[in-house]
Amino acid sequence: MKHIVRVITVLLSLFVTAAGLAQPYAQKDFSMEVDSVLNLMTLEEKIGQLNQLSSNERFTGPVIQNTNQLEQVREGKVGSFLNITRPDILVQYQEAAMQSRMGIPLLFALDVIHGMKTIFPIPLGEAASFDLALMESSAQIAALEASAYGLHWTFAPMIDVSRDARWGRVMEGAGEDTWYNSQVAVVRVKGFQGEDYTDAKTVMACAKHFVAYSAAIAGKDYNTVDISRNSLWEVYFPPFKAALDAGVATFMNSFNDLDGMPATGNKYLQTDILKGKWNYQGFIVSDWNSIAEMIQHRVAENPKVAAKLAITAGNDMDMVSLAYITHLKDLVEEGIVSEGRIDDSVRRILLKKFELGLFEDPYRYFSRTKELEDESIIANYRSVARDAGRKSIVLLKNENKVLPILDTKKSTSIALVGPLMKSQRDMLGAWAGRGETKDVVTVYEGIEHALPNTKITYIEGYNLENNELIALPDLSKFDVIIVAVGERHNESGEARSKVDINIKASQQELVKRLKSSGKPVVALVMGGRPVVFSEMEPFADAILMTWWLGTEAGNAIADVLTGKYNPSAKLPMSFPGHLGQVPVYYNYKSTGRPWNPERRYTFGYIDHTILPAYPFGYGLSYTDFEIAAPVLDKGRYAMGETITITTSVENKGQVKGKETVQLYIQDVVSSLTRPIIEFRGFEQVELNPGEKRTVRFVLTDKDLGFYNAETQFVTEPGEFKVFVGNSSQNLQEISFVLSE
Ligand code: BGC
């Protein structure tokens, strides 16, 4: 055993020296090293590299108890672990890997979705900031913390375009728009991986879930998907291609089937498109147990057939199902799977281990644990989390300018109503990494701290467990009432789909009762998805969508309530006005009977508008902005020419604020039906009162293209419209002609 390890070490030191130590690992060509290791491996050891186990510390899917894990590692039967978060345990596992015959280091992964220790807003909330640099920073901090724990790899970003708010996992993505999801995918990948993911202060990212998982019918998690090839290419593929182009290190496939084949066993998706047409060189990990779940899908009669389907379709690593480790050897020996196919997967995985520098130093990621306790580092991360929090809060309503609440009148008295005001756990949301409840600033604390001259009174209002209303005291002495309603942390996320996304009836009733006091009522709506609250809406003077904002939730909310931060966020997902509208999204396709509520036989409902309560791109500010009609530099363009659209935005109000000027397009006539409008650009402009700025957008014909009936990306000449405005529903347009 010692012999092999020594051979490898010597080989490597030769190669590493030859390659030049100063060069970042990712830029080196490790193919020789990978092959020399591969050549020394037995078939069992190769298959071991494809096997990923979960520690028994936490389960992120159906519980699969797995004992004697260290023994399996020593036997070379494991290539990677997920769900180990303690540095001391990680070291212990890596030591066991070093005792295996080949001494190949383990890869350690975790779902670091919106922070590791410092928890940031949930991804959907953060996407509302429309601040790409901010999203990159929060991912970078998550990576700094995760790698300080000793982790190499996060299962993020989730870049599934999400349109059905019943689906619990909408909280993990960037909402309903494909183009915006692609922008966010790129910055999140860059944030996690940095310029060079082989730097031990970064982690490898994972583009997931490949693909169309979010199209689960009726929003039921894990449900079947039935979409057209056109939707696949137009709606669901682009964020993955964008992540790939941004250099994402790994991909994860998805639980759903597509065209009748589960993604894990889908050759078209993994081999033909991802590894073939797109030339992806990294590896694909299955989702949790998704190989074995092909048995329940009933496309495989047993784990052996499932393993065969997955490996031949292009899936490289088996997350927890044990189908590979149990059956691949037989499949190779029986000539059903070629050893060459196994070698390809092993190469892809070994390459990442080389690139991460783990062969040179398997303990490379264990030198920074002290940072996790460093007060000044923590304070720095928390200030970014606070900034991310306040930039994610969407002001949905502000009647009579009830907000902001200024701390000037010494006599002001405020009631804070609802147990979510004092909840710490709920602010962390789902997928809270190693975030600790005790570190969370509650909304109550945040407000109390921000308003030192104000008298604050807490009123329970309702029971957090059963939602029963609790009798209210006399409210006449309060100047303002702020109430927190919405979802608890375990009401959105994986396996948390819902048939009813209305805010609980009792909570909505509470808002009504609070308003009967005649006092101004401010509602803080919390949750991991678009929610419906039409019953309470007329009774709340102001409404803020505050999602789950993480460790600094209370301070972030207080910053917005008090006007220390003027809200600037915009909705990345439409908020329905009625549950029956779901899925409701701004970029639905044109139909033969366009919506006209005045006329029968047109597209829509007889009992409700088709418009959402709050559309994609919507969000108010404490000031008022005026966006001018768009102007084009020309009226006709030829293919290849740039199209410049100019508008201006002016702050017409009394306070400084930030507006997100949005650009949408429409291809007036095309060879296939297309969305009524499509988001194609935005710019955030911060302006003092009275200040005005010109905003310029530049498009090329690529921005106007789409996948045609032959699945070719084309831009068809003809008339186009461009729109600018401050939401997908408040736009001014101009048109132009694009010629051959
Ligand atoms: C989820 C993935 C996650 C994995 C590992 C699965 O259930 O679908 O998104 O990365 O578990 O925790």
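A brief look at the structure comes next. Numbering of residues starts from 1 in every chain and runs along the sequence as written. A pLDDT threshold of at least 70 governs which residues receive local features in this predicted model, and a stricter bar of 80 or more applies before side-chain atom pairs are shown or counted, although totals over entire chains, interfaces and linings include all residues. Note: side-chain values were computed over all heavy atoms of the structure, leaving out hydrogens and water.

1. Regarding the sheet that holds strand S22 (residues 678–687)
Strand order in this open sheet of 5 strands is S19-S27-S26-S21-S22, and the pairing throughout is mixed. Only two strands of the sheet have a single partner each, and these edge strands are strand S19 (636–638) and S22. For this sheet the average axis-to-axis angle between neighbouring strands, irrespective of direction, equals 30°. Strands are treated as partners if at least two bridges between them are detected by DSSP. Each helix is a run of DSSP H or I of at least 4 residues and each strand a run of E of at least 2, with the numbering of both proceeding from the N terminus. Axis geometry follows a simple rule: fit a line to the C-alpha atoms, using only the stretch in contact for helices, then measure angles between N-to-C directions, giving values from 0 to 180 degrees.

2. A look at the sheet that holds strand S5 (residues 206–210)
One open sheet holds the 3 strands; their spatial order is S5-S6-S9, and the pairing between them is parallel. Bordering the open sheet on either side are S5 and strand S9 (283–285), each of which pairs with just one other strand. On average, adjacent strands in this sheet sit at an angle of 30° to one another, irrespective of strand direction. One ladder, built from 3 bridges, connects S5 with strand S6 (residues 250–253); its direction is parallel. Across the sheet, residue Ala207 finds its bridge partner in S6, namely Phe251. Packing against the sheet, helix H10 (residues 238–245) makes contact with S5 and S6, and its axis sits at approximately 160° to S5. It only takes one pair of heavy atoms within 4.5 Å for two residues to be counted as in contact.

3. Let's talk about the site of the ligand
Throughout this document, a residue counts as near a molecule or strand when at least one of its heavy atoms sits within 4 Å of that molecule or strand. Residues in close proximity to the ligand total 13 residues, the closest being Thr60, Asp111, Arg169, His209 and Asp287. Distance and chemistry together define a polar contact, namely a pair of N or O atoms within 3.5 Å, with one atom able to donate a hydrogen and the other to accept it when in protein, and with adjacent residues in sequence counting only for side-chain atoms on both sides. A distance of 2.7 Å separates an oxygen atom of the ligand from a polar side-chain atom of His209. Glu494 is positioned with one of its side-chain polar atoms (N or O) 2.8 Å from an oxygen atom of the ligand. When the residues that make up the shell around the ligand are grouped by side-chain class, the tally is 6 nonpolar, 2 polar and 5 charged. In this classification, Asp, Glu, Lys and Arg are treated as charged, Ala, Val, Leu, Ile, Met, Phe, Trp, Tyr, Cys and Pro as nonpolar, and every other residue, Gly included, as polar.

4. Examining the pattern of salt bridges
When a carboxyl oxygen of Asp or Glu lies within 4 Å of a side-chain nitrogen of Lys or Arg, that pair is called a salt bridge. A full pass over the atoms with the stated rule returns 52 salt bridges. Of the charged contacts in the structure, one is a salt bridge between Lys77 and Glu75, with a shortest N-O distance of 2.9 Å. Notably, a salt bridge pairs Glu333 with Lys329, separated by 3.4 Å at the nearest N-O pair. Here the residue Glu333 and the residue Lys329 both occupy positions in helix H13 (residues 323–333), the gap between them amounting to 4 residues, near one helical turn. The buried label goes to any residue with under 20% of its type's maximum accessible area, the exposed label to any with over 50%, and the partly exposed label to all in between, with areas taken from a 1.4 Å probe on protein chains only. On the basis of relative accessibility, which here comes to 27%, the residue Lys329 falls in the partly exposed class. Linked through salt bridges whose partners overlap, the residues forming this network are Asp131, Arg386, Asp387, Arg390, Lys391 and Asp559.

5. What to know about unusual backbone geometry
Note on backbone geometry: most residues besides glycine have negative phi, and most peptide bonds are trans. Note the cis peptide between Ala156 and Pro157, where omega equals 5°. Residue position: Pro157 is located in the loop between strand S4 (153–154) and helix H8 (178–193). The step from Leu403 to Pro404 runs through a cis peptide bond, and the omega angle for that step is 0°. Along the chain, the position of Pro404 falls in the loop between strand S11 (394–398) and strand S12 (413–417). With a phi angle near 65°, Ala218 is a residue other than glycine that sits in the positive phi range.

6. So, the side chain of His114
Tracing the chain through its elements places His114 in the loop between strand S3 (107–110) and helix H6 (123–127). Classification of His114 as buried rests on a relative accessible area of 3%. Within the structure, His114 has its side chain in polar contact with the backbone oxygen of Phe120 (distance 2.8 Å). Among the polar contacts listed, one links the side chain of His114 to the backbone oxygen of Trp431, at a separation of 3.3 Å. Those residues in contact with His114, other than ones at most four positions away along the chain, are Ile119, Phe120, Pro121, Ile122, Pro123, Met171, Leu428, Ala430 and Trp431.

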